[in-house]
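What follows is the residue order along each chain.
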Amino acid sequence: MAHKVTLIPGDGIGPEITESVVRVIEAAGVDIEWDRQMAGIPAVQEYGVSVPDQCLDSIKENKVALKGPLTTLVGKGFRSANVTLRRKLDLYVNLRPVKTIGGVPSRFDKVDLVIVRENTEDLYSGIENVISPGVTQAIKVVTKEASDNIARYAFEYAKANGRKKITLVHKANIMKISDGLFLKSFEEISEEYPEIKAEDKIVDALCMNLVIDPTQFDMLLLGNMFGDIVSDLAAGLVGGLGVVPGANLGNDYAVFEAVHGSAPDIAGKNLANPTALIFSALMMLRHLKEEEAATKIWKSIVVTLAMGHHLTKDLGGTLSTTEYTDELVKEISSRT
Ligand code: NAI
């Protein structure tokens, strides 16, 4: 029976890379009925809102979505569509595996990190005020409930996936109350998982340690803002934003998307690397219990990249989005 999945092409490079994913999944023989929905700029143009009700309803019905990037409209009265989706669907986990892939030029070998980012609060709560002309404030919200939930998720993930160590990243030396609570929740929950090593690092020191030797870390657990920044840094350790996937997960719904944004500088030019979104789609296929197809696509990507001459421009190659996708489809079809 076909899986029903909501597909949000998004904007910028989104439509180009989602089309690539659809072709790759089709080549692997997985039967998916895509329910295409608008969000972001196209939705604002069509409906005047960045996340229309029908998009949310579709995800609620299908439970699973694959999403291209959405440009955050600046200063136009619209709340970020990404933040809206994560909040309205209570997608409190942002899971971002960061792994070295053979053939992808990168600074380090053997990076195998899992980043878990809290997805619903922190400075992303969007509570900002002008106190008086020239004086503003942004409020960082941290609750015990959300901190406990994300810590528990991280430990359960570690247990289920054979991970040995979680490093909690914070700035509790300065934000003693808010990050202090995040840290305390982690320490309390860690006591329930004595088999998994729990440590903490201040975010600035963590960044330095990550760029010196990322292999010393196993899993990182971060709040929303540091999670956003450190994930992009970590992507830079393994070849860049073109190859790092992600998933937004809650108790009821799952929305899979790459770490990168809409890349307006290369949008519409057939230059984007679709690998990050394809890897996100592999996480989705595993979520849908399509293990065999996910493995077949994974092996095909690894083989294609390892050849060294089938690379998109961001990785130092010359292939366009469609040419690279053609190579992947060829490789996948040869395994069918
Ligand atoms: P970005 O991630 O879109 O781009 C940063 C740089 O990486 C650019 O030079 C871009 O060309 C390159 N890049 C990104 N993805 C690539 C890919 N797949 N292949 C080749 N090169 C790639 O970050 P930026 O420019 O800061 O954000 C653009 C817009 O995207 C903003 O409005 C931002 O808010 C939004 N955004 C949306 C996200 C989402 O929908 N989940 C996540 C991050 C940013």
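Structural data are supplied above this passage.
Quick summary incoming for the structure in this document. (Residues numbered from 1 in each chain as written. Predicted model: local features only at pLDDT ≥ 70, side-chain atom pairs only at ≥ 80, totals over all residues. Heavy atoms only, no water.)

**Some points on the pairing of strand β5 (residues 112-118)**
For a regular strand, side chains alternate in direction, first toward one face of the sheet and then toward the other.
Phase 1: With respect to burial, β5 is a largely interior element, 6 of its 7 residues being buried.
Phase 2: Sheet topology note: the strand β4 (residues 93-99)/β5 ladder contains 7 bridges and is antiparallel. Residue pairing across strands places Arg 96 opposite Ile 115, the latter belonging to β5.
Phase 3: Summarising the sheet, β5 and strand β10 (residues 219-222) pair through 4 bridges and their orientation is parallel. Across the sheet, residue Val 114 finds its bridge partner in β10, namely Met 219. (Buried < 20%, exposed > 50% of the residue type's maximum accessible area, 1.4 Å probe, protein only. Helix = DSSP H or I, 4+ residues; strand = E, 2+ residues; numbered from the N terminus. Pairing = 2+ DSSP bridges.)

**So, the pattern of salt bridges**
Pairing of side chains with opposite charge becomes possible as their charged atoms draw close.
Phase 1: For the coordinates displayed, the defined rule picks out 20 salt bridges.
Phase 2: Across the salt bridge formed by Glu 61 and Lys 4, the nearest N and O atoms sit 3.9 Å from each other. Remark: Lys 4 occurs in strand β1 (residues 3-8) and Glu 61 occurs in helix α3 (residues 53-62); sequence separation between them is 57 residues.
Phase 3: What makes Lys 4 partly exposed here is its relative accessible area of 36%. (Salt bridge = Lys/Arg side-chain N within 4 Å of Asp/Glu carboxyl O.)

**Describing the packing of helix α9 (residues 275-287) against helix α10 (residues 291-306)**
Phase 1: Look at α9 against α10: their axes get within 8 Å of each other, and the N-to-C directions meet at 155 degrees. As the angle between them shows, α9 and α10 are arranged roughly antiparallel. Where α9 crosses over α10, the two elements pack in a sense that is left-handed. Contacts between α9 and α10 pair Thr 275, Ile 278, Phe 279, Leu 282, Leu 285 and Arg 286 from the former with Glu 291, Ala 293, Ala 294, Thr 295, Ile 297, Trp 298 and Ile 301 from the latter.
Phase 2: Partitioning the contact of α9 with α10 into residue classes produces 9 nonpolar, 2 polar and 2 charged. (Axes fitted to C-alpha atoms, helices over the stretch in contact; angles between N-to-C directions. Parallel < 35°, antiparallel > 145°, perpendicular 65-115°, else oblique. Left-handed = near helix turned anticlockwise from the far one by under 90°. Contact = heavy atoms within 4.5 Å. Nonpolar A, V, L, I, M, F, W, Y, C, P; charged D, E, K, R; others polar.)

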